[in-house]
Amino acid sequence: MLVTMNSVRLSYGRWPALDNVEMEIRQGEFLVISGPSGAGKTTLLRLIWMGERPDSGSVEVSGFRSDRIRKRELPQLRRKIGIVFQDFRLLDSRTVFDNIALPLQVTGTGNRTVQKRVISLLARMGLSHRRNAFPHELSGGEQQRVAIARAMVAHPVILLADEPTGNLDPDVSREVVDLLLEINRGGTTVVMATHDPRQVPAGKGRFLFLDRGVLRRADRWTELDQES
Amino acid sequence: MDRTGSGIMSLFQSSIREISLNLHSKPGARLVTLLMVALAFIVFNTFLIISWNLQGLMNREENTVGMEVFLQRDLSQAQGRVIGDNISSIPDVQSVYFVSPEEAEALFRAELPERSDLLDVMGNDFRLPASLQIVFEDEAMTQGRLSELARQIQAIAGVDEAVYGEDYLPGLLKTVTTIRRLVILLGIVLVSSISMVVFYTVRLSVVRRSLTVDVMKTVGAPWWFVRIPFLVEGIFMGVTGSAGGLLLAAILSKLLSGAVTHRFMPVSWMTMVILLGAVTGTVGALAGSYEKER
Ligand SMILES: Nc1ncnc2c1ncn2[C@@H]1O[C@H](COP(=O)(O)OP(=O)(O)O)[C@@H](O)[C@H]1O
Ligand SMILES: [Mg+2]
């Protein structure tokens, strides 16, 4: 099991953002976590990359346990995880190439390997002609593809995408979801949080639903869909 | 991940790049801080110069703080010189000058001509004792250290008595000691207040670059890689600020040299000032870039 959550509870102030969450993520699956804004999706992903620790219960990710991990082990965990955000989080003073290369440069990967990997990813993302552009010169869709390339460059075992289509037009959104599906076919586990699960075709992944911090079983969205 | 030589080089290169990216961004707050550090150091330097000159003044007025060591009468000239050599190897001793009985007599007659008859009365067999005139380093200019040195010298075989200006020294020494304490106190106040200023400036940098910091952490950068640019920024402000303060104080000292004769501080003190700047910057930056978790 790649990720295991046991009785996870986490509150900001009075209300629990996540309440008694039990969850497992298997190697190689495409997991969609949906739920309305404020349901706790971002918090759930933060627990996986351990940007947050649970108040009670435990999270285990690829052998690292939330209640045992040391501060200096966090970078080791993060190198196994790729993260994509709704707002892209590209660094504006660096070119597309340097943004993508960042995870390799901060871990002492040799220059030749960096060149090879970034150039091949640029080609795969259809961004080769943009390698020397700066993030603010790119369209939203291009920026998100750069962010995905950055998340994938160090060959993570799991890719976390938090509302990756939140700032994009519908057809660009479809491209991004297709890209995530393709990455998943390549063997990488993908967890995508979205308030709109219809973006992922039914049957292409496992669906979980978060409702005010409580995790509900699969396919709840189809029921909701029928209700509306 | 390859940890080859080229990997280490590339890690080093990207770290250097982070440092320069941080130093080149938005210099406004850093300039103000630099100016504040420099101004604070001018005040500090002024006190250092006063302290240094007071000490110099005292040395000159009192013909340097020295000690007169009378040797036992039965010693030969050669034995006297051996004792002199021994004493010159004691820490804080700057120079030792051997005064032979003949020289002592000549000096006595020259300095106290009205008492010359005293020597005549004593007859031809009488000789003044040979002595050693000892001059100490400025560092030894405390009451405690001087009496310690006197005890140490007195204990050497062949030494009859060690005499130093016990009667007039305490007053002067007290003044110098007070100034010294003031300088130390000022140094403490300076270090803590300047560290605070550096702390807030570095904190500001961390907040301004919070996106970079967050991204670095989420892609698994080691903690030192994230923190080093801020440490360098703090040390840079401390060192440049104190060096600037030193330079401004030197210019001021030059301008005032016509009105008040004085000396600038010695190189060892200037080094200390820069070091103090570096320490201050490091402390401020360490605190400013500290984060609990994540
Ligand atoms: N840093 C925070 N401080 C306080 N409350 C927070 C913080 N982050 C999230 N919350 C609260 O936790 C709940 C879940 O938030 P979040 O995980 O961001 O939801 P989602 O991503 O599903 O929109 C919300 O009620 C939100 O207001
Ligand atoms: Mg969210």
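Residues numbered from 1 in each chain as written. Chains lettered and ligands numbered in written order. Predicted model: local features only at pLDDT ≥ 70, side-chain atom pairs only at ≥ 80, totals over all residues. Heavy atoms only, no water.

Draft legend 1. Spotlight on the overall build of chain A. Counting its regular elements, chain A contains seven helices and 10 strands. Computed over its C-alpha atoms, the radius of gyration of chain A comes to 18 Å, within 12% of the 17 Å expected for a compact globule of 228 residues. Here the C-alpha coordinates of chain A stretch approximately 45 × 45 × 30 Å along the principal axes. Taking all 228 residues of chain A together, 54% fall into the buried category. Residue pairs at least 24 apart in sequence account for 66% of intrachain contacts in chain A once pairs closer than 6 positions are excluded. About 10100 Å² of surface is accessible on chain A, with carbon and sulfur atoms providing 45% of the total. Averaged over its 33 positive side-chain charges, chain A has a centre that lies 8 Å from the centre of its 27 negative ones. (Helix = DSSP H or I, 4+ residues; strand = E, 2+ residues; numbered from the N terminus. Rg over C-alpha atoms; globule rule 2.2 N^0.38 Å. Buried < 20%, exposed > 50% of the residue type's maximum accessible area, 1.4 Å probe, protein only. Contact = heavy atoms within 4.5 Å. Areas by Shrake-Rupley, 256 points an atom, 1.4 Å probe, with all protein chains shown as cover. Lys, Arg positive; Asp, Glu negative; His and termini not counted. Charge placed at Lys NZ, Arg CZ, Asp CG, Glu CD.)

Draft legend 2. The arrangement of the overall build of chain B in detail. When you go through chain B residue by residue, the secondary structure sums to 10 helices and four strands. Listed by position from the N terminus, the elements making up chain B come as α-α-β-α-β-α-α-β-α-β-α-α-α-α. Every one of the 294 residues in chain B was classed for burial, and the buried ones make up 40%. On chain B, roughly 16100 Å² of surface is accessible, and the fraction owed to carbon and sulfur atoms is 65%.

Draft legend 3. Inspection of the interface of chain B and chain A at higher detail. Tallying the contact residues gives 27 residues for chain B and 30 residues for chain A. Both faces combined, the contact of chain B with chain A buries some 2500 Å², and carbon together with sulfur accounts for 54% of it. Run the count over chain B and chain A and you get two salt bridges. As a salt-bridge pair, arginine 94 of chain A and glutamate 18 of chain B come within 2.7 Å of each other at their nearest N and O atoms. (Buried area = accessible area lost by both parts, 1.4 Å probe. Salt bridge = Lys/Arg side-chain N within 4 Å of Asp/Glu carboxyl O.)

Draft legend 4. Representation of the packing of aromatic side chains within the structure. Residues and elements named next belong to chain B. Per the stated rule, a full pass over the model turns up four aromatic pairs over all chains. Relative to tyrosine 200, the ring of phenylalanine 199 lies with its centre 5.0 Å away and its plane at 85°, an arrangement referred to as edge-to-face. Assessed through its relative accessible area of 52%, tyrosine 200 is described here as exposed. (Phe/Tyr/Trp six-rings, centres within 6.5 Å; stacked < 30°, edge-to-face > 60°.)

Draft legend 5. Highlighting the pattern of salt bridges. Per the counting criterion, the structure on display carries 16 salt bridges over all chains. Residue glutamate 182 of chain A pairs with arginine 124 of chain A through a salt bridge whose shortest N-O separation is 3.8 Å. Separated by 58 residues along the polypeptide, glutamate 182 of chain A in helix α6 (residues 170–185) and arginine 124 of chain A in helix α4 (residues 111–124) bring together distant segments of the chain. Overlapping salt bridges, with partners in common, bring together Arg94 of chain A together with Glu18 and Arg209 of chain B in one network.

Draft legend 6. Representation of a negative patch on the surface. Side chains of Asp169, Asp171, Glu175 and Asp178 of chain A sit close together on the surface and give a patch of like negative charge. Structurally, aspartate 171 of chain A is set in helix α6. (Patch = residues over 30% accessible without salt bridge, like charges linked within 9 Å, V, L, I, M, F, W, Y side chains within 5 Å.)

Draft legend 7. Summary view of a nonpolar patch on the surface. Taken together, Leu247, Leu248, Ile251, Leu252, Leu255 and Leu256 of chain B make up a surface patch of nonpolar side chains, about 590 Å² in accessible area. As for its position among the elements, leucine 252 of chain B is in helix α9 (residues 223–256).

Draft legend 8. Local environment of the sheet that holds strand β3 (residues 30–34) of chain A. Residue and element names in this part refer to chain A. Read from one edge to the other, the open sheet built from six strands follows the order β6-β7-β8-β3-β9-β10, with strand pairing classed as mixed. The strands lining the two open edges of the sheet, one partner per strand, are β6 (81–84) and β10 (214–216). Strand after strand, the sheet turns through a mean of 20° between neighbouring axes, direction not considered. Two strands pair when backbone bridges link them, and strand β7 (residues 158–162) and strand β8 (residues 189–194) are joined in this way by five bridges, in the parallel orientation. Each residue of the ladder has a partner; that of leucine 159, found in β8, is valine 190. Each of β3, β6, β7, β8 and β9 (206–211) is contacted by helix α1 (residues 41–48), which is oriented at about 155° to β7, the strand it contacts most. (Pairing = 2+ DSSP bridges. Axes fitted to C-alpha atoms, helices over the stretch in contact; angles between N-to-C directions.)

Draft legend 9. View of the pairing of β3 of chain A. Residues and elements named next belong to chain A. In terms of burial, β3 is a largely internal element, five of the five residues being buried. In terms of strand pairing, β3 meets β8 through five bridges, oriented parallel. Bridge pairing links isoleucine 33 to alanine 193 in β8.

Draft legend 10. Looking closely at the packing of helix α3 (residues 96–105) of chain A against helix α5 (residues 140–152) of chain A. Residue and element names in this part refer to chain A. Two numbers describe how α3 lies on α5: the axes approach to 7 Å, and their chain directions differ by 30°. If you check the angle between α3 and α5, you find them roughly parallel. Where α3 crosses over α5, the two elements pack in a sense that is right-handed. Along the contact surface, α3 presents Val96, Asn99, Ile100 and Pro103, while α5 presents Val146, Ala149 and Arg150. Residues belonging to the contact of α3 with α5 are distributed by class as follows: five nonpolar, one polar and one charged. (Parallel < 35°, antiparallel > 145°, perpendicular 65-115°, else oblique. Left-handed = near helix turned anticlockwise from the far one by under 90°. Nonpolar A, V, L, I, M, F, W, Y, C, P; charged D, E, K, R; others polar.)

Draft legend 11. Representation of the site of ligand 1 within the structure. Residue and element names in this part refer to chain A. Neighbouring ligand 1 are Tyr12, Ala17, Pro36, Ser37, Gly38, Ala39, Gly40, Lys41, Thr42 and Thr43. Take glycine 38: an N or O atom from its main chain is 2.6 Å from an oxygen atom of ligand 1. In the model, an oxygen atom of ligand 1 is placed 3.2 Å from a nitrogen or oxygen of the alanine 39 main chain. Coverage of ligand 1 by the protein chains reaches 53% of its 560 Å² of free accessible surface. Its residues placed into classes, the shell around ligand 1 shows four nonpolar, five polar and one charged. (Near = heavy atom within 4 Å. Polar contact = N/O pair within 3.5 Å; in protein donor to acceptor, adjacent residues only side chain to side chain.)

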